[in-house]
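Understanding the architecture of this molecule
What follows is each chain in one-letter form.
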Amino acid sequence: MSLWDALLAPEPVTAQLRQDASSQAPTHAWLFTGGAGSLNRQAASVFAATLLCDQPDPADRGCGTCRGCVTVMNGSHADFTHFRTEAVSISIDEARELVLKAQDRPSVSRWRVILLEDTECMPERTSNVLLKAIEEPPPHTIWLLTAPSPADVLVTIRSRCRPVQLPVPQTQAIAAYLESTGVEAGLAHRAATLSLGDAEVAHRLATVPQALTRREDLARLPLRIRTLSSAMEAAERLISLAEQDAADATQQRDAAERAELLAMLGIAEGERVAPTLRAQVRRLEEQQKRRARRIQTDTLIRAVADIQTVLRDALTLQLGAQAPLLNEYLREPLQEYAARTSPAQTLSDVQAVETTLRRLRTNANARLALEALMSRFVR
C-alpha cells in the first residue's frame, strides 16, 4: 500500500498531486488548506515524499517503502526541511533560516523540498521575508505551505502558490481507517464522530481512554452552568485541562531535552551549572515554555470547538431537525438545555463561540475570553 492509499483525500486531489510530482518541472510553491486538523499537513508530507521518492517509474512514486519516502516521513531526509513553529508566531529569524536553506542545492535527490506548517502564524513582516524566496525560488527548490484556509494567509503569499483545497473527511471514511488499525467498530464510529473530521484526533480518542473521557466531560460543561460562579468554574476547568494536556505532552520530552543538553555540556545530573553555561540552559527552558504555551492554546481552541458541537446539537433539537446528534450520549441533558433557551439565543451563542476562537488564535487573554463565553450560558 502506497502513502497515497492511506491519505483521506478525494481522488481528484491526489491525482492532481501525483501527476505534478511525476513531471519534470513541478510547481515551485503550493498552499495546502482545508481538511481538518492535520489533514493538510499529511497531504503535504505525502506529496514531499513523492517528490523525493527513489522509484525510477514516476507512476510508482510515493511508494512508502523506499529510503526516500521513509526518511521524508520521519523527517531525516537530507533534502527535506520540515518546519513547524512551537511558538505563537513564526519569527523573522526562523523565516530567514528557511530562505537560506532554500538556496542549497539538493544533495541526494532531484529536488530540495521545504514544508512550512502554520503559515497562518506568520506576521506580515515575517511573510515579507519569505515573499521573494517563494515568488522566485531556485529551480531546484519546492515550497509546501499549510494553513487552515486561504483566508488565513496573506494574499501576497497565497497568490504565488498553487492551491490545494482539501475537504473535511467523512465520518465513515475516518471510522473505516480506525477499524483498519484494529479499533473496534463501535468505538471507531464514536471517535470518528467526535473528532470533527480530524483523523489524528479520532485515533487519539480511540486509543487513549483518558482522551475520550476528557472530551466527553468537556461537552458537559455548558450544560451544567446555572450561575455566574459555575460559569467561572467551567472556564477555569477548560484552562486547567489545557495546562494538564500541555504538561502531559511535554514533560518527558522536556526532561529528555534537558538531559541531552547537560550531557553535551559535560554536566552530570544534579551538578551545578557553571555561570558560563547557564545561558544555553536558559535558552532551552525558554523554548520549552513557548512550546507549552502553544500546546495550551491549541488545546483550548480544540476544546471550544468541541463546545460548539453541543450548541449544534441543541439547535438540532430546537428546530426538530432529523440530523443525528454528534453528542448522542448527552441527549437527555441536551433536551433539557434546548427547552430552557431559544433557537435565536443558541445561534447567538454559536457566534460568540466563533468570536472566542478568533480571539484565542490571535493570542488574546485566554482566561478573559473563556469567562466571557461561559457566562453566556447562564440562563
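Every chain is numbered independently, its residues counted from 1 as its sequence is written. A pLDDT threshold of at least 70 governs which residues receive local features in this predicted model, and a stricter bar of 80 or more applies before side-chain atom pairs are shown or counted, although totals over entire chains, interfaces and linings include all residues. With hydrogens and water set aside, each side-chain value is computed from the structure's full complement of heavy atoms.

This part covers the pairing of strand β3 (residues 112-116). Here is the key point about a regular strand: its side chains alternate between the two faces of the sheet. Most of β3 sits inside the fold, with 5 of its 5 residues counted as buried. Three exposure classes are used, based on accessible area relative to the maximum for each residue type with a 1.4 Å probe and protein chains only: buried under 20%, partly exposed in between, and exposed over 50%. Numbering of helices and strands starts at the N terminus; helices are DSSP runs of H or I of at least 4 residues and strands are runs of E of at least 2. Taking every second residue as pointing to the same face, both faces of β3 are buried, with R112, I114 and L116 on one and V113 and L115 on the other. Pairing analysis gives 4 bridges linking strand β2 (residues 80-83) to β3, with the strands arranged parallel. Looking across to β3, one finds that F83 is bridged to L116. As a crossover connection, the stretch from β2 through helix α4 (residues 92-102) into β3 is right-handed. Where the polypeptide runs from β3 across helix α5 (residues 124-135) and back to strand β4 (residues 141-146), its parallel neighbour, the crossover connection is right-handed. Strands pair, by our definition, only if DSSP identifies at least two bridges between them. When the strands point away from the viewer, a crossover counts as right-handed if the path from the first strand over the helix to the second runs clockwise.

Take the domain arrangement of the chain next. Assigned domains within the chain: domain 1 (3-165), domain 2 (171-208) and domain 3 (228-376). Between domain 2 and domain 3, the C-alpha centre-to-centre distance is 22 Å. Contact with domain 2, which involves 7 residues of that partner, is made by 7 residues of domain 3. The quantity reported as buried area is the accessible area (1.4 Å probe) lost by two parts once they are put together, taken as the sum for both. A buried area of about 520 Å², summed over both sides, lies between domain 2 and domain 3, and 61% of it is on carbon and sulfur atoms. Residue ranges for the domains trace back to a domain assignment, done automatically or taken from a database. For this analysis, residues touch if any pair of their heavy atoms sits within 4.5 Å.

Only buried residues count toward a nonpolar core. Its members are Ala, Val, Leu, Ile, Met, Phe, Trp, Tyr and Cys residues joined through side-chain atoms within 4.5 Å. Ranked by size, the top nonpolar core spans 32 residues in total, and within it L238, V304, L370, L373, M374 and F377 carry the most contacts. Elements with a minimum of two residues in this core: α10 (209-224), α11 (228-264), α12 (278-319), α13 (331-339), α14 (343-361) and α15 (366-375). By residue number, the principal contributor to this core is α12, which donates 8 residues. Sequence-distant contacts of V304, that is, excluding residues within four places in its chain, are made with V353, T356, L357, L360, L370 and L373.

With respect to the secondary-structure elements, D349 resides in helix α14. With relative accessibility at 0%, the residue D349 sits in the buried group. Apart from residues no more than four positions distant in its own chain, D349 is found in contact with L311, Y337, R376, F377 and R379.

This part is about the UniProt feature "domain: DNA polymerase III delta subunit C-terminal" (unreviewed entry) in the chain. UniProt positions are given in the numbering used here, feature names are shortened, and annotations may be inferred rather than shown by experiment. If you check UniProt for "domain: DNA polymerase III delta subunit C-terminal" (unreviewed entry), the listed places come out as residues 307-377 in our numbering. Regarding residues 307-377, the helix share stands at 72% and the strand share at 0%, and the terminal C-alpha atoms are separated by 11 Å.

Each axis is a line fitted through C-alpha atoms, and for a helix only the stretch in contact is used; angles between axes span 0 to 180 degrees, taken between their N-to-C directions. Running from N to C, α14 and α15 cross one another at 180°; their axes reach a closest spacing of 10 Å. By the criterion of interaxial angle, the relationship of α14 to α15 is roughly antiparallel. Of the residues in α15, those in contact with A352, V353, T356 and L360 of α14 are A366, A369, L370 and L373. Considering only residue class, the contact of α14 with α15 consists of 7 nonpolar, 1 polar and no charged. Oblique is the label for every angle not falling under 35 degrees (roughly parallel), over 145 degrees (roughly antiparallel), or within 65 to 115 degrees (roughly perpendicular). Residue type decides the class: Asp, Glu, Lys and Arg count as charged, Ala, Val, Leu, Ile, Met, Phe, Trp, Tyr, Cys and Pro as nonpolar, and the leftover types, Gly among them, as polar.

This part takes up the environment of A344. Secondary-structure assignment places A344 in helix α14. On the basis of relative accessible area, A344 is assigned to the exposed category, the value being 57%. Along the sequence, A344 and Q318 sit 26 residues apart, while their C-alpha atoms lie 10.0 Å from each other.

Throughout this description, the term salt bridge denotes a Lys or Arg side-chain nitrogen within 4 Å of a carboxyl oxygen of Asp or Glu. Applying the stated criterion across every chain yields a total of 18 salt bridges. One connected set of salt bridges, linked through shared partners, spans R41, R84, E117, D118, E200 and D298.

Attention now goes to the packing of aromatic side chains. Only the six-membered ring of Trp is used, alongside the rings of Phe and Tyr, when aromatic pairs are assigned; centres must lie within 6.5 Å, and planes under 30 degrees apart are stacked while those over 60 apart are edge-to-face, with the rest tilted. Under the definition given, this model contains 3 aromatic pairs. On the numbers, 6.1 Å between centres and 50° between planes, the contact of F32 with F47 is tilted. Linking F32 in strand β1 (residues 29-34) with F47 in helix α2 (residues 39-51), this pair joins segments that are 15 residues apart in sequence. Side by side, F32 and F47 carry an identical accessibility label, which is buried. Linked through ring pairs, W30, F32 and F47 together constitute an aromatic cluster. By definition, being over a ring means that NZ of Lys or CZ of Arg is both within 6 Å of the ring centre and within 35 degrees of the ring normal. Above the plane of the ring of Y329 lies R190, whose end atom (NZ or CZ) is 5.5 Å from the centre.

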